[in-house]
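Examination of the molecular architecture
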Amino acid sequence: MSFSQKIIFWYSANKRSLPWRNTKDPYKIWLSEIMLQQTRVSQGMPYYERFVEQFPTVHDLAKASEEEVLKLWQGLGYYSRARNLHTTSKLVSEKYNGNFPNTYKELLSLKGVGDYTASAIASFCFNEAQPVVDGNVYRVLSRYFGIDLPINSTEGITYFKALSLKVMDANQIADYNQGIMEFGALLCAPKNPYCLHCPLSDSCVALQKGKINVFPVKLKKAKVKERYFNYLVVLDKFNHIEIRQRRGKGIWQNLFEFPLLETEKEYSLEEVKKTMGAILELKEASEIYQFNEKTIVHRLSHQHLHTKFWIVKSEEKRKNGVSFDKLKEYPVPVLIAEFINAFKF
DNA sequence: AAAGCGGGGCC
DNA sequence: GGCCCAGCTTT
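Predicted model only: the values in this text are computed from it and were never measured.

Cut-offs used in this document
- Residue indices begin from 1 for each chain and proceed along its sequence in written order.
- Lettering for chains starts from A, numbering for ligands starts from 1, and both go in the order in which the items are written.
- Totals for whole chains, interfaces and linings use all residues, but because this is a predicted model, local features are given only for residues with pLDDT of at least 70 and pairs of side-chain atoms are given and counted only at 80 or more.
- To obtain the side-chain values, all non-hydrogen atoms of the structure were used and water was disregarded.
- Each helix is a run of DSSP H or I of at least 4 residues and each strand a run of E of at least 2, with the numbering of both proceeding from the N terminus.
- Partly exposed describes any residue whose relative accessible area lies between the buried limit of under 20% and the exposed limit of over 50%, with all areas from a 1.4 Å probe on protein chains only and scaled to the type maximum.
- Throughout, a residue-residue contact means that at least one pair of heavy atoms, one from each residue, lies within 4.5 Å.
- Using the Shrake-Rupley algorithm and a 1.4 Å probe, accessible areas are obtained, with residue cover drawn only from the displayed protein chains.
- Positive charges are assigned to Lys and Arg, negative charges to Asp and Glu, while His and the chain termini are left out of the count.
- Think of each charge as sitting on NZ of Lys, CZ of Arg, CG of Asp or CD of Glu.
- Whenever a carboxyl oxygen of Asp or Glu lies within 4 Å of a side-chain nitrogen of Lys or Arg, that contact is scored as a salt bridge.
- One heavy atom within 4 Å of a molecule or strand is enough for the residue carrying it to be called near that molecule or strand.
- Each polar contact in these results corresponds to two N or O atoms within 3.5 Å; when the atoms are within protein, one needs to be able to donate a hydrogen and the other to accept it, and residues that are neighboring in sequence are counted only if both atoms are side-chain atoms.
- Residue types Ala, Val, Leu, Ile, Met, Phe, Trp, Tyr and Cys, when buried and joined through side-chain atoms within 4.5 Å, form a set referred to as a nonpolar core.
- Axis definition: a line fitted to C-alpha atoms, limited for helices to the stretch in contact. Angles are taken between N-to-C directions and run from 0 to 180 degrees.
- Orientation categories follow fixed angle ranges, with anything under 35 degrees roughly parallel, anything over 145 roughly antiparallel, 65 to 115 roughly perpendicular, and all other angles oblique.
- Left-handed describes a crossing in which the near helix is turned anticlockwise from the far one by less than a right angle; the clockwise case is right-handed.
- Classification convention: Asp, Glu, Lys, Arg as charged; Ala, Val, Leu, Ile, Met, Phe, Trp, Tyr, Cys, Pro as nonpolar; all other residues, Gly among them, as polar.
- The domain limits used here are those given by an automatic or database domain assignment.
- Computed with a 1.4 Å rolling probe, the buried area is the accessible surface lost when two parts are put together, summed over both parts.

1. Let's talk about the overall build of chain A
- Counting secondary structure elements, chain A contains 15 helices and nine strands.
- Considering only C-alpha atoms, chain A reaches an extent of 75 × 50 × 30 Å along its principal axes.
- Looking at chain A as a whole, 50% of its 345 residues are labelled buried.
- For chain A, the proportion of contacts with a sequence separation of at least 24, taken over those separated by at least 6, is 68%.
- For chain A, the computed accessible surface area is about 18000 Å², with 50% contributed by carbon and sulfur atoms.
- Across chain A, the 48 positively charged side chains and the 37 negatively charged ones have centroids separated by 4 Å.

The following block contains the structure:
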C-alpha cells in the first residue's frame, strides 16, 4: 500500500464521530474550520454546537451584530477570526446569495480563509484535489519523510505543500485530508506517539533514526512580553459600571473592558490614585481599593498580563455605565469575565 | 521574513 | 515552565 492508502485505511478504522463530519454544507464546514484554527477539537466543539444552533444558516449569521458574534465567540480566542467570520458571512449572504465559492482559488479570497481552510472546504465539500497542510500534517510528513526544514519558514511551508501535493490521493481527497489530520491528532501525536501501533512504522524515517522527538523542526518564537494592567472598575451612585470597547490594534479588538491604565511596572494604590486622571474624568472618588489581593497573571501565548482590578466608587453619575446584569451581556476577554464572576457587590 | 494574535490542556 | 493546537493577517 502507498502512503496515502495506508492513511485512508487507518482513518476508516479509527475516525472519530465529529459533528461537522456529518455534513457537506459549506457553511458548516467553513464555520468548523475557522473555529478549529489553532484550536483543539475539544475546545472548539461546544462553540460549534452553539453557533449552529443560534445561526443555522449563513444568512442568520450575517444578520447578527458583531457584538452578538463576539459574545458567542467569547473564550475561544483569536477574535479576529470572529470578526472575519462575520464579514465573510455578510459577503456570502448578501453578494453570493448564500452560496459559498466552490473552488480553492475563490475560497482563498475570503477574509479569514487561508491556504489550509480553502483546501479543507474545497476538498470536503467539492472534492477538489487540494491537500490540507495543518500542524498535524507537518508533524506526520516531517517524521515519516525525515524532513528537517523548519515548518514555519517560508521554504518549509512551500516544501510541505509541494510534498503534500505529491503524496495525496487526488481521487479520495476528502478522506485523505481528514485521514492525515486525524492520524496526526490521535496516533502521530506531538508527545508519546503510538509508534508501536503505527501502520507506517516500517518506513518512517524519524522512527528508524530514533529521531521522533526531533521532528517537526520549528523556528523558535519571540519571547513573551510582560505587561501591567490596572483596570479601574468605576461604580457610580447607581451601582453602574463603566465599560469601554477596545479599538485599534492589539489584543481583544472590539471586545469590552473597564477603563485601563497600563503601566511599565506594577502600581501601588498611591500610584494609581495619582495617575488615574489620565484615563478617567473623575471629579472625586469616595473610595478606591484593590479587589484582588494578589496580582492576577493572565497568560496569553505572547503576553503575560499582570493585572490588578481597582474598585473606584463615585457619587457621580457616570457615562457608559451599565448595570451588573447588563455587563454580562457584553463580549469581554476571559480575564474580564473571570473578574465579573468573582465580583460581588 | 517576522510579528501579532487567545485560551486551554498536557507533560 | 514550555509546547502545541484542523492558521491568518499585517507589517
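2. With respect to the pattern of salt bridges
- On inspection of all chains with the given rule, the structure shows twelve salt bridges.
- When the shortest N-O distance is used, the salt bridge between E329 and K326 registers 3.8 Å.
- For K326, a relative accessible area of 44% puts it in the partly exposed group.
- A cluster of three or more residues bridged by salt bridges with shared partners is formed by E242, R244, E316 and R318.

3. Description of the protein's contact with DNA strand B
- In the vicinity of DNA strand B, 22 residues are found, and the nearest of them are T154, I251, S301, H302 and Q303.
- Backbone atoms, meaning sugar and phosphate, form 56% of the atoms of DNA strand B found within 4 Å of the protein.
- Contacts to DNA strand B include L76, whose backbone N or O atom sits 3.2 Å from a base nitrogen.
- Measuring from a phosphate oxygen of DNA strand B, one finds a side-chain N or O atom of Q303 at 2.7 Å.

4. Topic: the nonpolar core
- Of all hydrophobic cores here, the largest spans 97 residues; its most connected members are F3, W30, F51 and F258.
- Once residues lying within four places of it in the same chain are set aside, the contact partners of F51 are L31, M35, P56, L61, V69, L72, W73 and L85.
- Within the second largest apolar cluster, ten residues are counted, among which are V234, L261, V272 and L280.

5. Digging into the packing of helix α2 (residues 26–35) against helix α8 (residues 115–126)
- The contact between α2 and α8 brings their axes to 10 Å, and the two run at 150°. As far as their axial angle goes, α8 and α2 are roughly antiparallel. Note on packing geometry: the crossing formed by α2 with α8 is right-handed. For the pair formed by α2 and α8, the contact residues are P26, I29, W30, E33 and I34 on the first element and Y116, T117, A120, I121, F124, C125 and F126 on the second.
- In the contact of α2 with α8, the residues fall into ten nonpolar, one polar and one charged.

6. Considering the domain arrangement of chain A
- Looking at chain A, the domain boundaries give domain 1 (3–214) and domain 2 (225–342).
- For domain 1 and domain 2, the distance between their C-alpha centroids amounts to 37 Å.
- On the domain 2 side, the residues contacting the nine residues of domain 1 number 13 residues.
- A combined buried area of about 910 Å² lies between domain 1 and domain 2, and 53% of that area is made up of carbon and sulfur atoms.
- Taken together, domain 1 and domain 2 are joined by zero salt bridges.
- Taken together, the links from domain 1 to domain 2 amount to five residue pairs in polar contact (both at pLDDT 80 or more).
- Here the residues of the side of domain 1 that touches domain 2 are counted per class, giving three nonpolar, two polar and four charged.

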